[in-house]
Structure formats: C-alpha cells, structure tokens
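What the coordinates show
Residues per chain, in single letters:
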Amino acid sequence: MQNTVTPTHCPYCALQCGMNLTPADGGTVEVSERADFPVNRGALCGKGRTAPAVLSSRVRLTSPLVRSEGGTLVPATWDEALGRIAEALGRTRAAHGADAVGVFGGGGLTNEKAYALGKFARVVLGTSQIDYNGRFCMSSAAAAGTKAFGLDRGLPFPLEDIPRTGCVILVGSNPAETMPPSLRYFTELKENGGTLIVIDPRRTRTAEHADLHLAPRPGTDLALALGLLHLVVAEGRTDERYIQERTVGWEETRAAAMAHWPEYVERITGVSVPQLREAVRLFCEPEHAMVLTARGPEQQSKGTDTVGAWINLVLATGRAGRPLSGYGCLTGQGNGQGGREHGQKADQLPGYRKLTDPEARRHVAEVWGVDPDSLPGPGRSAYELLDALGTDIRALLLMGSNPVVSAPRAAHIEERIRSLDFLAVCDVVLSETAALADVVLPVTQWAEETGTTTNLEGRVLLRRRAITPPEGVHSDLYVLHELAARLGVEKGFPTDPEEVFEELRRASAGGPADYSGITYRRLAEENGVFWPCPAVEPADDIEGSSPEAAVGDDPEDASLDTAADDPARDVTPAAVHPGTPRMFLDRFATDDGRARFVPVSHRAVAEEPDDEYPVLLTTGRVVSQYQSGAQTRRVDELNAAAPGPFVELHPRLAERLGAAEGDPVAVVSRRGRAVAPARITTAIRPDTVFMPFHWAGEGRANTLTNPALDPTSRMPEFKACAVRLEAVRA
Ligand SMILES: Nc1nc2c(c(=O)[nH]1)N[C@H]1C(S)=C(S)[C@@H](COP(=O)(O)OP(=O)(O)OC[C@H]3O[C@@H](n4cnc5c(=O)[nH]c(N)nc54)[C@H](O)[C@@H]3O)O[C@H]1N2
Ligand SMILES: Nc1nc2c(c(=O)[nH]1)N[C@H]1C(S)=C(S)[C@@H](COP(=O)(O)OP(=O)(O)OC[C@H]3O[C@@H](n4cnc5c(=O)[nH]c(N)nc54)[C@H](O)[C@@H]3O)O[C@H]1N2
Ligand code: SF4
Ligand SMILES: [Mo]
C-alpha cells in the first residue's frame, strides 16, 4: 500500500469531495487533487485539505481510557475497556430493563457503522432507545419530503443539474462557507443566464452572489413561502395542468395561501412586498426552477411545515419531478443521507424502513436471524433521549457525536450526561463529551478504514483505506463485534466493512432506500451509484442476458454476490440497475404516484422576543470549523483562520450596548449566558444576532438555544430564540 495513491473522499461534510491520499511520514497522509470525481472536480476547502492533521498522534487518541478510582481517565488495555463497557451495559439492562441502555449515533458514521449500530441496539441490547445527531440536522426536510413525495432523498437530482436550471431559491443555506466547492454550481447557473435568490437573515458570502437577497426575520420562512404562493396564485402563475395530473390536495393549500396577504407577510417577515413580487417573477418566468433548503428554515420548531410550504410552492408552479427542476434539501454531515437510512434513527429499520411496519420487521428480522417480535418499537428522538439520561436511561453508548457542544440547551444536557451511571464514548479525539465518559475507545478514522457514505445527492460512495492505523486503535465495527460477543451474540457483527455492506444490501432490498444492486466493486468503478438501486431480477428474466449471468446456486442470492475475484460470477451489464440520479420524473413514491400538497399556516417561533429578551439569536457555521469543533479545533491552520466564538451584531445594536468591535458581549437567554467578542456588521438584521456553535466553554452558543421541538420531526429550534445582550466590563 505504501506510496500508492488512493482515490477516496473527505472525512467531513455531505459534499464528500473526492481527494487522493498518499501515505506520508508520522502516520499521516498527503492530500492531492482528484480531478476525476465530478462533484468537486479536484477543488477542496481548507477543512478537507488539512484533514490529515487529525491523524497525527499529537491530537488523537491511541489508547483506550478508563475512569480510575481517583476519577481521572487513565490508559487501559482494550480487553479491560471493552470488558468494563459490556459489564456496565449488561448490569444496567439486568437491573433496570433493556430501555435503560441508550445508544446515540452520528450522521458522520459510514453506512456500515450506522447499520451495525442500529442492529446492535435492537439485537444485542434489545433497547428501543437509539437515535442520532442527524435528528438535529435535516430531519424536518426529511419529514416534509416524505409527506409530499412519499420518499425523501436530500437532492432528488445531481448537483450538475443546478447550472442548467433557470432560477434557484436557496433558503437558509450558506454553501460559500459550508460547502465551498459547491458554490461553482451556483456561479455557473448565473453565467448561464439563470438567477439566484438567497433567503437568509444575514448577507452571507453566499448572498453576495445572489441576484436577489431576502433577509427575513429568523423563524418566519413559513410565512414567506406562503406569501410567495399567494402571489403565484394572485398573478395566475400556477401550473393548473400539472396540479391536476400530478398532485392532490391543492384546494386546501390554495385557501391557506390566500389567507397570507403579501402585506401581512411583510409585517411578519420584514421582507417588503416589492421584494416578494420580484422573487415570484424570477422564480416563475423561466421554464425550470428549483428550491433548495438547508438548516435555516429546517432547524425550527415548525421546520416540517416550513419545508412543506416551500414544497407547496414548487408543486403549485409545476416544478417537482420534472427535469432540471424540483425541491431538494442540502444534507450536512459526511453521511447525512446514508446515516438516516440504515437504522440508527429511533423509528427506523435499514433501507429507510419503518420500525412500526410489520412487513419491514419481518424482512429485517429474517436478515438478522431473529424473531420479528424480539425487535423493540420506536424510541425517543435525540433531544428527548439526551434529556432522559440519568433518569430513565442509566447507561449510554455514544458513537460519532459531541452533544456537550452541539445539543440545544447544552448546559442542561451536559448535566444529564454527568448524571448517567455509565457513559462509553468511541471517538478519534478526546471530545468534550468523551472527557466525561467512564470508558473512551479510540477508533480509526477515514484514511485508515474503508466504508461507504451517501453524499447529499444520494450518490453512494466508497471511501477507501489509504494507510494502516496506529497501534492501539480499532474500528467502530470492531468495537461492536467485541461488545456483541461479550454480551453473548457471537455472530452477525463482522469487522470487515464489505461484509457488513453485503448484509446491508440484503436488509435494504425492497425498501425505499434500496442499496441491493450496489457493490463495492461497482462503487470503485463508477464513481458512486445513486440509490434506489435494486438488485436485478434473476438473469433469465432479463432479456438479452446470457445464462452465465445467472449467478451462484441460489437465485435469491444471485444478484447480491460480489465475489469480486470470480469472473464467472459477474453480472452482465444488461442485468445491472444503473442507479437513480433523478427521481420522481414519472411518478412520486406515493400509492397513487401523485405528490401531496400539505396545507400549512404561519405560526410564531416558540420563544418570541419580549421586554426582557428583546433580540433574536440565530446560530450556524463558519467555513474553517466543523460542527462541535472536536476535529477542526485540533488543526492549527483552521484555528488561525477561525480562532474562537463571536457574536455577530448590527452597528445599531452595538451602539445601544456601547460595544466596540472585539469587545466581549454577554448573550443571555432563559437557558443561560454565553460571552464572546462582538463582530459588528451591517450584514445582519438589526433585530438579530448570530453565533457560530463550534466552541465549548464560555462562548458555547448552545448554552443559549431553545430545545422547543417540531411536533413531527422532533427538530429543536436552533435557529431562533429570544436573548438579551449585556456589555461585559473588562
Ligand atoms: N464549515 C463548515 N461546513 C459545514 C459544517 C460545519 O460545521 N462547518 N457542517 C455541515 C453540516 S452537518 C451541515 S447541517 C451543513 C449546514 O449548512 P448550512 O445550512 O448552510 O449552515 P448554517 O450556517 O447552519 O445555516 C445556514 C444559514 O441559515 C441562516 N439562517 C439562520 N436562521 C435562519 C432563518 O430563520 N431562516 C433562514 N432562511 N435562514 C436562517 C444563517 O444565517 C446561515 O447563514 O453544513 C455542513 N458543512
Ligand atoms: N446551535 C446550533 N447547534 C447545532 C447546529 C446549529 O446549526 N446550531 N447544527 C446541528 C447539526 S446540523 C449537526 S449535524 C450537529 C453536529 O454536532 P455533533 O453531533 O457534535 O457533530 P460533530 O462535531 O461532527 O461530532 C462528531 C464526533 O464524532 C467523532 N467522530 C468523527 N468520525 C467518527 C467515526 O467514524 N466514529 C466515531 N466513533 N467517532 C467519530 C468526532 O471526533 C466528534 O467528536 O450539531 C447540531 N447543533
Ligand atoms: S466541502 Fe466538505 S467534503 Fe469538500 S473538502 Fe470541504 S469539508 Fe470536505
Ligand atoms: Mo448537520
């Protein structure tokens, strides 16, 4: 393997940029351009470029740690650490029942890990109490997409369609900072004569590229979408034929929109009527148009309805399920898409199946070799699970998240985590959450292990191992294998990722997110495959396929075989499903093939400003830090570019406060108080302040955020809570 170039993908965000890795000194790798991967065509952001720094033993964990009698974390052998975890989980289950053991996963985990973690919870622990950080990410869009289209895949079309459409509305999305190489698609759109509308309370780097920037008050996107739909109807811009042929439920939705007069919407959102009219004109005039949402409208206590309102606009204008048009959600984490499909979500089984569906339970139980009745039912959502720690849930196994920094109302959640009887964390670094654990297991990372991720386009990708992991470190799959064995389940948790993927294929077969036609070999050859990609029918059913294509002895297994070394077991090209880059072109995934309008009405944010807390806080990201910062805060170059938290505020607010640029400002909400330097800019609304959430300690934004949950998606309201500002005397 030494000195060979390994084509692979970035460890961080959902763009999953292609990169080449070459082994380098000190157990790390060198990153170089990989031009053959179409999504980023060689371009990388600073995070991807510097990712090898986290491989260094200077910053990462290389030995298991266990809590000593004296209360500190001390190095231990794997055998001791695993033994302690198995003993604690087993003891908790025996004393308090299976649901007293919780599992928390992450959207950064590969498909194989997410699948194995969900199976581990249901089969080994028998607990219903599993959820993951993706709940905090795109769950509202997923819920709305499923309601409207019968199936949710973040983008139902590849990014390459964006430059060829006529108009894109980007709602609460800042790709210039959150997915820099993707900005090219939007600038090409403009070069091709298309227009870009950005909706964000801040004039972001992305908004600077927009033909029209609308800056609504945080938490009012639902009203904004209704106002636009009102104008679409009033101006006769609906596509009546499309509505007739491809949708149901229009009348009720139309009536709801008609109640939202533009002047009323202007009062709620702060976006003027002429701006609303201009947006409608730009969106409706071209033949093709798209609406893309990200966390801005989704991370609200009405995120599902908000996304639903934007989908209604897309449907009323005849844009969904048509070439170069449609609605899409830009997912966030490296495996934000795949991580939501294979069973680490509270209500879910692999293949995007529902845990409450008897047929799904039967199918998956058969693959797992267990009795369907032994599978627990749905558990709690992420915030509710974290909130129950130390009460109903006594022990937690955590893999791929750092909730001490990233969960809403974080001081309370930190206190809940501290009150657990037992916490085990698998991580590559000693995150703020890992530092509270009773046992920490050091796991391998991206360049050291193979696995698949599914990027924001629904493209399943192969991330390849490029170097040997350091001694003392094992994979998450190894952890689950060993824990299962210690808890009495000897089989069913292989450590080889391809073996796990082969089982995932079978478990997902026939489900909404069907991966059964995807193999590691195909992924290696094809630069990714878009799901759904069902396995082909037994070959003799397929016209033109040769008899040799009927693989193996068991026709059930035939198409699932990847035995890559045996050419006789090849599937002929005619028998290979090409995957599905573009969805819904013929029909939506509902029973009757039609999309559903969902009637929605405006409602206020859960916590409106008042005399005591007169300002709205919204939160988000900066380009040089990633999420809770657990990884990127360990990279010098990134810290130099983004050294710490800040409070972005308008000069008018700063003046009232008497704060100058860089002065410490206290932001106080009903949940707590955070302090960070002022960053004064006219790019933000005067009634709103913004904080990035990448840091722990005094500047932790999530000390302030409101865990008010969306009733459907159970998404917390990260994007709007009431605060007051206080000057801090130095
Ligand atoms: N550099 C970097 N890149 C990342 C990440 C990271 O942490 N750092 N994380 C990855 C992940 S997991 C995700 S989910 C994505 C997130 O990607 P984005 O959704 O692009 O990121 P955010 O900064 O959370 O939010 C986007 C914008 O929403 C705006 N906003 C705030 N409140 C509202 C509102 O009420 N309405 C509207 N319309 N807009 C609002 C914010 O001002 C912000 O500019 O990024 C991914 N990429
Ligand atoms: N205020 C506010 N809060 C937010 C958001 C916001 O916009 N505003 N956004 C929310 C969103 S969209 C998200 S996605 C969450 C993300 O927040 P977190 O869930 O905290 O995400 P990360 O910081 O990526 O944490 C991942 C952890 O897992 C580790 N890790 C990475 N890869 C692996 C692996 O393969 N295996 C194991 N075992 N560990 C691994 C990392 O080192 C890190 O400690 O934050 C949410 N919180
Ligand atoms: S945009 Fe995302 S995937 Fe691409 S290099 Fe940056 S962090 Fe990695
Ligand atoms: Mo996310």
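Residues numbered from 1 in each chain as written. Chains lettered and ligands numbered in written order. Predicted model: local features only at pLDDT ≥ 70, side-chain atom pairs only at ≥ 80, totals over all residues. Heavy atoms only, no water.

Tallying secondary structure elements over the protein chain gives 23 helices and 30 strands in all. Radius of gyration (C-alpha) of the protein chain: 25 Å, near the 27 Å computed for a compact globule of 730 residues. When the backbone C-alpha atoms are referred to their principal axes, the protein chain occupies close to 70 × 65 × 50 Å. By the burial criterion, 63% of the 730 residues in the protein chain qualify as buried. (Helix = DSSP H or I, 4+ residues; strand = E, 2+ residues; numbered from the N terminus. Rg over C-alpha atoms; globule rule 2.2 N^0.38 Å. Buried < 20%, exposed > 50% of the residue type's maximum accessible area, 1.4 Å probe, protein only.)

Looking at ligand 1, there are 32 residues lining it, with D200, D221, R621, Q625 and Q627 nearest. Here an oxygen atom of ligand 1 and a backbone polar atom of N174 are 2.8 Å apart. Between R202 and ligand 1, the recorded distance is 2.8 Å, taken from a side-chain N or O atom to an oxygen atom. In isolation ligand 1 offers 900 Å² of accessible surface; the protein chains occlude 99% of this area. (Near = heavy atom within 4 Å. Polar contact = N/O pair within 3.5 Å; in protein donor to acceptor, adjacent residues only side chain to side chain. Areas by Shrake-Rupley, 256 points an atom, 1.4 Å probe, with all protein chains shown as cover.)

Here we come to helix α14 (residues 358–368). Within the span of α14, buried status applies to A360, R361, H363, V364, A365, V367 and W368. Against α3 (111–125), β14 (348–349), β15 (353–354) and α19 (497–508) lie the buried residues of α14. Where α14 starts, the residue carrying a side-chain oxygen 3.0 Å from the main-chain nitrogen of E359 turns out to be D357. Looking one or two residues past α14, G369 carries a phi angle of roughly 70°, positive in sign. (Contact = heavy atoms within 4.5 Å.)

Strand order across the open sheet formed by three strands is β1-β2-β3, with antiparallel pairing between neighbours. The open sheet is flanked by β1 (6–9) and β3 (29–33), the only strands paired with a single partner. Taking the axes of each pair of neighbouring strands and ignoring which way they run, one obtains an average angle of 45° across the sheet. The pairing of strand β2 (residues 18–23) with β3 spans five bridges and is classified as antiparallel. Note that in β3 the partner of T22 across the bridge is E30. (Pairing = 2+ DSSP bridges. Axes fitted to C-alpha atoms, helices over the stretch in contact; angles between N-to-C directions.)

In this section: the side chain of S406. Here S406 lies in helix α16 (residues 403–406). For S406, a relative accessible area of 15% gives the class buried. A polar contact of 3.2 Å, which involves the side chain of S406, links it to the backbone oxygen of N402. Not counting chain neighbours up to four residues away, the residues in contact with S406 comprise F136, S401, S628, F693, N702 and F718.

What follows covers the site of ligand 2. Near ligand 2 you find 31 residues, and of these N133, S401, S406, D427 and S628 are the closest. In this structure, K113 approaches ligand 2 through a side-chain N or O atom, which is 2.9 Å from an oxygen atom. Separating a nitrogen atom of ligand 2 from a side-chain N or O atom of D476 is a distance of 2.8 Å. Starting from 920 Å² of accessible surface for ligand 2 in isolation, the protein chains cover 95%.

Attention shifts here to the pairing of strand β30 (residues 721–727). By the bridge criterion, three bridges tie strand β23 (residues 615–620) to β30 in an arrangement that is antiparallel. Opposite L617, over in β30, you have C721 as the bridge partner.

It is worth spelling out the pattern of salt bridges at this point. Taken as a whole and judged by the stated rule, the model has 49 salt bridges. With a closest N to O distance of 2.7 Å, K119 and E503 form a salt bridge. Of this pair, K119 sits in helix α3 while E503 sits in helix α19; the two residues are 384 residues apart in sequence, bridging distant segments of the chain. The class of K119 is buried, set by a relative accessible area of 4%. For E503, a relative accessible area of 11% translates into the label buried. Close ionic contact of E482 with R486 constitutes a salt bridge, the shortest N to O distance being 2.7 Å. One end of the pair, E482, and the other, R486, are both in helix α18 (residues 476–486), four residues apart, so they sit about a helical turn from each other. Residue class for R486 comes out partly exposed when judged on its relative accessible area of 31%. Taken together, the salt bridges that share partners define one network made up of E160, D161, R164 and R582. (Salt bridge = Lys/Arg side-chain N within 4 Å of Asp/Glu carboxyl O.)

Turning our attention to the packing of helix α7 (residues 221–234) against helix α11 (residues 273–284). Running from N to C, α7 and α11 cross one another at 65°; their axes reach a closest spacing of 9 Å. In terms of their interaxial angle, α7 and α11 are classed as roughly perpendicular. Remark: the crossing between α7 and α11 carries right-handed chirality. Residue-level inspection shows L224, L228, L231 and V232 of α7 in contact with α11, the latter providing L276, R277, A279, V280 and C284. A class-by-class count of the residues in the contact of α7 with α11 yields eight nonpolar, no polar and one charged. (Parallel < 35°, antiparallel > 145°, perpendicular 65-115°, else oblique. Left-handed = near helix turned anticlockwise from the far one by under 90°. Nonpolar A, V, L, I, M, F, W, Y, C, P; charged D, E, K, R; others polar.)

Further remarks concern α18. Within the span of α18, buried status applies to D476, L477, V479, L480, E482, L483 and A484. Of the surrounding secondary structure, the elements contacted by the buried residues of α18 are α2 (78–96), α3, β16 (395–399), β17 (422–427), β18 (439–442) and α19. Note on α18: the residue one or two positions beyond its end, G488, has a positive phi of about 95°.

So, about the sheet that holds strand β7 (residues 130–132). The sheet built from seven strands is open, its strands ordered β5-β4-β18-β17-β16-β6-β7 with mixed pairing. Each edge of the open sheet carries a strand with a single partner, namely β5 (73–75) and β7. Averaged over all pairs of adjacent strands, the angle between strand axes in this sheet comes to 15°, irrespective of strand direction. Judged from the three bridges that link them, strand β4 (residues 65–67) and β5 form a sheet pairing that is antiparallel. Residue pairing in the sheet places L65 in a bridge with P75 of β5. α18 rests against β16, β17 and β18 of the sheet, and its axis sits at about 150° to β16.

The residue after W531, namely P532, is reached through a cis peptide bond having omega -5°. Tracing the chain through its elements places P532 in the loop between β21 (529–530) and α21 (555–558). The residue R409 is not glycine, and still its phi comes out positive at about 50°. With respect to the element layout, R409 can be found in the loop between α16 and α17 (410–418).

Looking now at the packing of aromatic side chains. Throughout the structure, instances matching the rule amount to eleven aromatic pairs. Where Y115 meets W368, the ring centres are 6.3 Å apart and the plane angle is 70°; that geometry is what we call edge-to-face. Within this pair, whereas Y115 is found in helix α3, its partner W368 is found in helix α14, the two being separated by 253 residues in sequence. By relative accessible area, which is 1% here, Y115 ends up buried. Classification of W368 as buried rests on a relative accessible area of 9%. Relative to F718, the ring of F136 lies with its centre 5.5 Å away and its plane at 85°, an arrangement referred to as edge-to-face. Within this pair, whereas F136 is found in the loop between β7 and α4 (139–149), its partner F718 is found in the loop between β29 (716–717) and β30, the two being separated by 582 residues in sequence. The same class applies to F136 as to F718, namely buried. Taken together through their ring pairs, the aromatic side chains of F149, F584 and F588 make up a single cluster. Over the aromatic face of F493 sits the side chain of K119, whose NZ or CZ is 5.0 Å from the ring centroid. (Phe/Tyr/Trp six-rings, centres within 6.5 Å; stacked < 30°, edge-to-face > 60°. Lys NZ or Arg CZ within 6 Å of the ring centre and 35° of its normal.)

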